[in-house]
Amino acid sequence: MKEGAGHDATWQHFEENSQTAGLSQKEVCEDICAQSMLSAIEHDRYVPNAELLIKLCRRLSISLDGFSLAANFDISASQQFNQTVETLCNGHEYQKLKAFLLAPATVEQVETAAQTQAYYYYLGVAQFQTDSNLDEAQANLRLAIQSAPEMNHLSTLTRLGLISLAVVKCTNQQPAATVKLVHQAMQDIELASYEENLNIIFYLAAFIAYKTDGSTSTFTDVNRAIDFITAHNSHYMLANCYRLIAQIAMDQGDDDRQLEATQRQKFLTDLFHEHVQEHF
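Predicted model only: the values in this text are computed from it and were never measured.

Quick notes on the rules
Residues numbered from 1 in each chain as written. Predicted model: local features only at pLDDT ≥ 70, side-chain atom pairs only at ≥ 80, totals over all residues. Heavy atoms only, no water. Axes fitted to C-alpha atoms, helices over the stretch in contact; angles between N-to-C directions. Helix = DSSP H or I, 4+ residues; strand = E, 2+ residues; numbered from the N terminus. Parallel < 35°, antiparallel > 145°, perpendicular 65-115°, else oblique. Left-handed = near helix turned anticlockwise from the far one by under 90°. Contact = heavy atoms within 4.5 Å. Nonpolar A, V, L, I, M, F, W, Y, C, P; charged D, E, K, R; others polar. Buried < 20%, exposed > 50% of the residue type's maximum accessible area, 1.4 Å probe, protein only. Polar contact = N/O pair within 3.5 Å; in protein donor to acceptor, adjacent residues only side chain to side chain. Phe/Tyr/Trp six-rings, centres within 6.5 Å; stacked < 30°, edge-to-face > 60°. Expected span 1.5 Å × (residues − 1). Disulfide = S-S within 2.5 Å. Salt bridge = Lys/Arg side-chain N within 4 Å of Asp/Glu carboxyl O.

Draft legend 1. Seen up close, the packing of helix H6 (residues 94–102) against helix H8 (residues 113–130). Running from amino to carboxyl end, H6 crosses H8 at an angle of 140 degrees, the nearest separation of the two axes being 9 Å. The angle between the axes of H6 and H8 places the two elements in the oblique class. For H6 against H8, the interelement crossing comes out left-handed. Contacts between H6 and H8 involve Tyr94, Gln95, Leu97, Lys98, Leu101 and Leu102 from the first element and Tyr119, Tyr122, Leu123, Val125, Ala126, Gln127, Gln129 and Thr130 from the second. Partitioned by chemical class, the residues of the contact of H6 with H8 number 9 nonpolar, 4 polar and 1 charged.

Draft legend 2. Quick look at the environment of Ala192. Along the chain, Ala192 turns up in the loop between helix H11 (175–186) and helix H12 (198–212). Classification of Ala192 by relative accessible area gives partly exposed; the value is 26%. Sequence separation between Ala192 and Thr156 is 36 residues, and the spatial gap between their C-alpha atoms is 8.4 Å. Not counting the four nearest positions on each side in its chain, Ala192 is found in contact with Arg159 and Leu198.

Draft legend 3. Expanded view of the side chain of Thr269. Here Thr269 lies in helix H15 (residues 255–272). Among the polar contacts listed, one links the side chain of Thr269 to the backbone oxygen of Gln265, at a separation of 2.8 Å. What Thr269 contacts, discounting residues up to four positions off in sequence, is Ala239, Glu274 and Val276.

Draft legend 4. Representation of the packing of aromatic side chains. This model, assessed by the stated rule, comprises 6 aromatic pairs. Residues Phe202 and Phe228 carry aromatic rings whose centres are separated by 4.0 Å and whose planes lie at 15 degrees to one another, so their mutual orientation is stacked. With Phe202 in helix H12 and Phe228 in helix H13 (residues 217–231), this residue pair connects regions lying 26 residues apart in the sequence. When sorted by exposure, Phe202 lands in the same class as Phe228, which is buried.

Draft legend 5. Broad picture of the packing of helix H9 (residues 135–146) against helix H10 (residues 156–171). Put simply, H9 and H10 touch, their axes get as near as 9 Å, and they point 155 degrees apart. One finds that H9 runs roughly antiparallel with respect to H10. Crossing handedness for the pair H9 and H10: left-handed. Facing H9, whose interface residues are Gln138, Leu141, Arg142 and Ile145, H10 presents Thr158, Gly161, Leu162, Ser164, Leu165, Val168 and Lys169. Along the lines of polarity and charge, the residues of the contact of H9 with H10 split into 5 nonpolar, 4 polar and 2 charged.

Draft legend 6. Broad picture of H10. In this model, H10 (16 residues) spans 23 Å end to end at C-alpha, consistent with the 22 Å of a helix rising 1.5 Å per residue. Within H10, 15 of the 16 residues are buried, which leaves the element mostly enclosed by the surrounding structure. Phi for Gln173, located one or two positions after H10, is positive at around 60 degrees.

Draft legend 7. Highlighting the state of the cysteines. This structure, assessed with the given rule, holds 0 disulfides. Cys33 takes part in no disulfide bond, and the closest cysteine sulfur to it belongs to Cys29, at a distance of 5.0 Å. We classify Cys33 as buried; its relative accessible area is 15%.

Draft legend 8. A look at unusual backbone geometry. Non-glycine residue His92 carries a positive phi angle of around 55 degrees. With respect to the helices, strands and loops of the structure, His92 is situated in the loop between helix H5 (79–90) and H6. One non-glycine residue, His273, lies in the positive phi region at around 55 degrees. Along the polypeptide, His273 turns up in the segment after H15.

Draft legend 9. Structural detail: the pattern of salt bridges. In the structure shown here, the tally under the stated rule is 4 salt bridges. Notably, a salt bridge pairs Lys96 with Glu93, separated by 3.1 Å at the nearest N-O pair. On the basis of relative accessible area, Glu93 is assigned to the partly exposed category, the value being 30%. Residues Glu260 and Arg264 are paired through a salt bridge, measuring 3.1 Å at the closest nitrogen-oxygen approach. Linking Glu260 with Arg264, this pair stays in helix H15, spanning 4 residues, or about one helical turn. Given the relative accessible area of 41%, Glu260 is considered partly exposed. Relative accessible area serves as the criterion here: at 39%, Arg264 is assigned to the partly exposed category.

This is the structure we're talking about:
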């Protein structure tokens, strides 16, 4: 189960680094892209695809490590508390995350409906990753869904709660409940205002399909995830998608497809340092 990744980077890095390097916009984008596109990137009007991002970062000597586009959700008005959640999530330190969230000092910081929803979502994710009995994880993910500020609107966080609960139901071998929750999480998702965290929902839907039947039809689900991610000029969760394809291909004895998917996954992992699910 994935959680939102840190959103450290703004595209103003390009403008700042070009000034530091003494390069004009024209010099930065020469043989890479139009000057107007670089300006759009700097002002958050356009998100570059992986190939363009790599070329620009290399020209300006910018590390790609910090370019994680998905945003975490605030559990508090205090940025110190939010930063702690982000750090523990990004480090996959789920035991520490659970302990931090259960601490009275943290609970006292949760005030609004949006913060309450985020709090229960992160707690449910942490418990899923650490507890052998998933009853509390399931209960807290339900609370996250029920705490949505707008019950008639499926926000990205509500969709994440639904798909995460579907993973729990799948793990507990409850296929009917799993299918229903996946359907709810994916309902009209292509019409939703795009956020990088929507990539997680597509990936988890494919992962659940693999866990429930492991058949060739799962390729359709994971390819749908890849199409959605790349259509939005994103890279987030692509490495995990190709890892899943490699796993399916290995299960089916398709060595060529497994090798191709593994190579793509490793390339993306090396490039963007995305944490990849290794054990299925």
